[in-house]
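# Results of the structural survey
The residues making up each chain are set out below.
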Amino acid sequence: MPLSYSPPSYTFALLFTSFLQNEKGREEIKMKLESVVVSATINFGLAIFILSLFALLKKQPFYAPIYYARRFYLGHRNVPDSDHRSFSFRRLLPEIDWIFRAVRVTEEEILQNCGLDVLVFVRLFKFGIRFFLVCSIVGLLVLLPLNYTGSNGPNTSSHSMDAFTISNISRGSDRLWVHFSFLCFVSCYGMYLLYKEYNDIFIKRIQQICNRRCEPEQFTILVREIPFCNEHNIRGCNVDHFFSKHHPYSYQSFEILYDGKHLDKLLCQAKSLTKKIEDLRHLSALKKHSRYDAKIEQLEDMLQTLGREIRRVQCRMTIEQKELPVAFVTFSSRWGTVLAAQSQQHTNPLLWITEMAPEPRDVIWQNLAIQYRHLPLYRIVILVAASLLTIFFVLPVTAVQGIAKYERLKKWFPPAMAVDLIPGLRSIVTGYLPSAILNGFIYIVPFAMIGLARLAGYISRSKKDLNACNMVFYFLVGNVFFLSLLSGSLLDQLGESFSHPKDIPNRLASAVSSQADFFVTYILTNGLAGFSLEILQPGLLLWDTLKFYTWDHGKKKHPYVYSLPYYRIVPFVALCMLIGIVYAVVSPLLLPFLVGYFLLGYAVFINQIEDVYITTYETCGLYWPYIHHYIIVAIILMQVTMIGLFGLKAKPSASFSVIPLMVITILFNEYCKIRFLPTFNQVSVQDAKNNDDLDKKDRLEEENVRKALDAYSPPCLRPLDLGLEGTSSTKPFLSPT
């Protein structure tokens, strides 16, 4: 019998097996496509419902303290009257005026009303819109047809989007050079936009510092690790001696800080008593009963006694022995302030440590009591805690990917096969449910990270938020991006990746190309549902309703004012941008979803910035270097992925051609650090001197210095207002130095 001969029965078996495999592949493609469509339908439906509910509730005067909190706080009159009870049919019709208003708001208005930090936040969304809109047009017109027609045979992949991705291109095809060209375009266009944004925000920062010439932090430095005065054995006089000697032409005065823990406890007790008195007065007026008068009088006597005790403790003679090695030092010019803050004051660099003071409203006073030499230990402990939190989240993320991979789920958990008994349920479970569960788990991460950042000893809220923003971003990159890839495609080969590190680009590329479905649903859930819930604020709605109908019944409602939570929003937006950049060449069909994501986010947060969030500190654009870094990380990760993909597609020449592009990206990032970053970390002597000259011209020198002298008095030493008329405890013995 010839070797090439096969019995008819064997040939038929091979054909039948091939047919079954093709049918199985087509069925899996259908299920994958159905999962994506179901996820999109659910998210669109939820978004429309939530946004319609928001548009309806926003028009009700009862909810004005939630949806117009900023306007109430600033005393604007163009908000619904919360005491107005008249009914009109128009109030029951949802409107979308807030979307059109978002288009009309200009950058100049945002900068003037909210500050440069908020403008940088808005520019992040604008960057995403510009970047992904252009990439979408090129990708859909060039890459999408190329990918769809790139396979030599029928597409039997088990991934629904593979027909539109680079996975459908045949191995060794010259079409891959088009993908390389698009990679160069995406990288260069991204760097062009980044440079343009960095330069623009750089100019705006210098101008913003000039516009804020009257702010006290421009005349004040923070000094730490102040040694004892050998003559008087206290630190206060040592500050005056040191700066009078070494900065005689610009030194003005100082404010030494004290350990005010005991005072803080007394002040908390005073606030608690004041709240009880207000509640009893409200209850007495509501029920028109005089039986509360005796209790109110007793509490008022206790409050006056507590006020006298606070005044006694505030006396300098009492707290002088509790000096901290920390002081705010004021200078008569910005030039002198900058020279003192940015130079080494002592031969021993661990003594007389100076830096520019944060804004008075930005200071975290209790953290100033932490010894400077202990701060590295605090930071190490927080880093370890954040790393452990990242590791602990491996379990839920892996479980979520197990749901997304239904075939794996049936193997690990056989009862899951019951999902097939209900028509359409499998598409919901594998399409919408994984991204919804993942977003639910990840939602608590920013709050955990900001809690850790509070323990790190940062002296200002802005530094605390920036640190939390950084930790959340890298947590999301590690857990949501890389771990989703590993648990979805490479979990069984993880050991091989560590034993063969040179294969990591290839394995990463293989994982990226197979997880496009999941990240489409993730972006849809994070964008449509996430942004819709952000604008509705359901948690605050429930809290306000519960409070109004229970312990605060009948009281006047106060606005719920909060600052913009950069640490919660910026990392999630940066993660979606990273996903979009990595998939720009791999799966261009993902790009239009990113355009919609950034458009909706822009409209939502313009509304929140205008009506809800207040500005609690201003760093003059310090968030942009972090955002720039996140985008550079995304571009480099895209290039590493494409090196692996070109290798998998048997195109080594294209892989090697990506390496110079990566080098150019790294050099571009280093240039931006040299060109722009120093201005964000320090203030130049030239700018300080120019602003001093403007003060002389406008005759504002003495007024600005006087404001700076009064701005940094510790809260525990400020005049005490107990809210009681006629009490003698409203004036402290101690006045600021």
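Residues numbered from 1 in each chain as written. Predicted model: local features only at pLDDT ≥ 70, side-chain atom pairs only at ≥ 80, totals over all residues. Heavy atoms only, no water.

This part takes up the overall build of the protein. Of regular secondary structure, the protein possesses 29 helices and four strands. Surface summary for the protein: the accessible area is close to 35,500 Å², and the carbon and sulfur share equals 62%. (Helix = DSSP H or I, 4+ residues; strand = E, 2+ residues; numbered from the N terminus. Areas by Shrake-Rupley, 256 points an atom, 1.4 Å probe, with all protein chains shown as cover.)

In spatial order, the strands read 2-3-1-4; together these four strands make up an open sheet with antiparallel pairing. What marks the edges here is a single partner per strand, and that holds for strand 2 (251–258) and strand 4 (353–356). In this sheet, neighbouring strand axes are inclined to one another by 25° on average, regardless of whether the strands run parallel or antiparallel. Strands in contact with helix 8 (residues 236–246) are strand 1 (220–224), strand 2 and strand 3 (323–331); relative to strand 2, the strand with the most contacts, it is inclined by about 155°. (Pairing = 2+ DSSP bridges. Axes fitted to C-alpha atoms, helices over the stretch in contact; angles between N-to-C directions. Contact = heavy atoms within 4.5 Å.)

The interhelical angle for the contact between helix 7 (residues 176–211) and helix 25 (residues 623–648), taken along N-to-C directions, is 170°, at an axis separation of 11 Å. Taken as axis vectors, helix 7 and helix 25 run roughly antiparallel relative to one another. Where helix 7 abuts helix 25, its residues Leu176, His179, Phe180, Leu183, Val186, Ser187, Gly190, Met191, Leu194, Glu197, Tyr198 and Ile201 lie against Trp624, Pro625, His628, Ile631, Ile632, Ile635, Met638, Gln639, Met642 and Phe646. By residue class, the composition of the contact of helix 7 with helix 25 is 16 nonpolar, five polar and one charged. (Parallel < 35°, antiparallel > 145°, perpendicular 65-115°, else oblique. Nonpolar A, V, L, I, M, F, W, Y, C, P; charged D, E, K, R; others polar.)

The subject of this paragraph is the packing of helix 6 (residues 116–148) against helix 24 (residues 591–611). At a minimum axis distance of 8 Å, the contact between helix 6 and helix 24 shows a crossing angle of 160°. Classed by the angle they form, the pair helix 6 and helix 24 counts as roughly antiparallel. Handedness of the crossing formed by helix 6 with helix 24: left-handed. Class assignment for the residues of the contact of helix 6 with helix 24 results in 20 nonpolar, three polar and one charged. (Left-handed = near helix turned anticlockwise from the far one by under 90°.)

Scanning the model with the defined rule gives 37 aromatic pairs in all. Taking the centre distance of 6.1 Å and the plane angle of 25° together, the rings of Phe243 and Tyr251 count as stacked. By relative accessible area, Phe243 is classed as buried at 0%. According to the relative accessible area criterion, Tyr251 is buried, its value standing at 12%. Over the ring of Tyr68 we find Lys58, and its NZ or CZ is 4.3 Å from the ring centre. Positioned above the aromatic ring of Phe202, the side-chain terminus of Arg675 is 4.9 Å from the ring centre. (Phe/Tyr/Trp six-rings, centres within 6.5 Å; stacked < 30°, edge-to-face > 60°. Buried < 20%, exposed > 50% of the residue type's maximum accessible area, 1.4 Å probe, protein only. Lys NZ or Arg CZ within 6 Å of the ring centre and 35° of its normal.)

What follows concerns the environment of Leu383. The topology assignment puts Leu383 in helix 13 (residues 375–392). For Leu383, a relative accessible area of 56% corresponds to the exposed category. In this structure, the C-alpha to C-alpha distance between Leu383 and Ala456, residues 73 residues apart in sequence, is 9.3 Å.

The subject of this paragraph is the side chain of Arg224. For Arg224, the location among the structural elements is in strand 1. One buried charge, Arg224, has no salt-bridge partner; the nearest side chain with opposite charge is Glu355, at 4.7 Å. Within the structure, the side chain of Arg224 is placed 3.3 Å from the backbone oxygen of Ile370, a separation counted as a polar contact. Arg224 has contacts with Pro325, Leu351, Trp352, Ile353, Glu355, Asn367, Leu368, Ile370, Tyr372, Leu375 and Ile459, leaving out every residue within four places of it along the chain. (Lys, Arg positive; Asp, Glu negative; His and termini not counted. Salt bridge = Lys/Arg side-chain N within 4 Å of Asp/Glu carboxyl O. Polar contact = N/O pair within 3.5 Å; in protein donor to acceptor, adjacent residues only side chain to side chain.)

Take the confidence of the model for the protein next. In the predicted model, the protein carries a mean pLDDT of 78, and the fraction of residues at 70 or more is 74%. Overall, residues 153–159 carries pLDDT values under 50, and its contacts beyond four positions in sequence, including any with other chains, amount to 17 contacts. (pLDDT = per-residue confidence, 0-100.)

Moving on to helix 26 (residues 652–675). With 24 residues, helix 26 extends 35 Å between its outermost C-alpha atoms, agreeing within 8% with the 34 Å of an ideal straight helix rising 1.5 Å per residue. Taken residue by residue, helix 26 has Ala654, Ser655, Val658, Leu661, Met662, Thr665, Phe668, Asn669 and Cys672 as its buried positions. For helix 26, the secondary structure elements touched by its buried residues are helix 7, helix 25 and helix 27 (677–681). (Expected span 1.5 Å × (residues − 1).)

Together, Ile380, Val384, Leu388, Ile391, Phe392 and Val394 line one region of the surface with nonpolar side chains, adding up to about 560 Å² of accessible area. No other element matches helix 13, which puts five residues into the nonpolar patch. When you line up the elements, Val384 lands in helix 13. (Patch = residues over 30% accessible without salt bridge, like charges linked within 9 Å, V, L, I, M, F, W, Y side chains within 5 Å.)

Another point: unusual backbone geometry. Look at Glu225: it is not a glycine, yet its phi comes out positive at around 55°. One non-glycine residue, Cys620, lies in the positive phi region at around 60°. Positionally, Cys620 belongs in the loop between helix 24 and helix 25.

The subject of this paragraph is the side chain of Glu323. Its location among the elements puts Glu323 in strand 3. Of the buried charged residues, Glu323 lacks a salt bridge, with Arg235 as the closest side chain of opposite charge at 5.6 Å.

A separate point is the pattern of salt bridges. For the coordinates displayed, the defined rule picks out 22 salt bridges. Taking the shortest distance from any N to any O, the salt bridge between Asp611 and Arg71 comes out at 2.5 Å. You can see Asp611 sitting in helix 24 and its partner Arg71 sitting in helix 3 (residues 69–73), a full 540 residues away along the chain. One salt bridge in this structure joins Glu225 and Arg373, with 3.2 Å as the shortest N-O distance. Within this pair, whereas Glu225 is found in the loop between strand 1 and helix 8, its partner Arg373 is found in the loop between strand 4 and helix 13, the two being separated by 148 residues in sequence. On the basis of relative accessibility, which here comes to 10%, the residue Glu225 falls in the buried class.

The next thing to look at is the environment of Trp365. Structurally, Trp365 is set in the loop between strand 4 and helix 13. Take Trp365: its relative accessible area is 18%, and that puts it in the buried class. Spatially, the C-alpha atoms of Trp365 and Pro714 are 7.3 Å apart, while their sequence positions differ by 349 residues. Each residue touching Trp365, except ones within four places of it in the same chain, is listed here: Leu257, Phe328, Pro360, Tyr712, Ser713, Pro714, Pro715 and Arg718.

Here the focus is the environment of Tyr258. Summarising the element assignment, Tyr258 is placed in strand 2. A sequence separation of 459 residues divides Tyr258 from Leu717, and the C-alpha atoms of the two residues are 9.3 Å apart.

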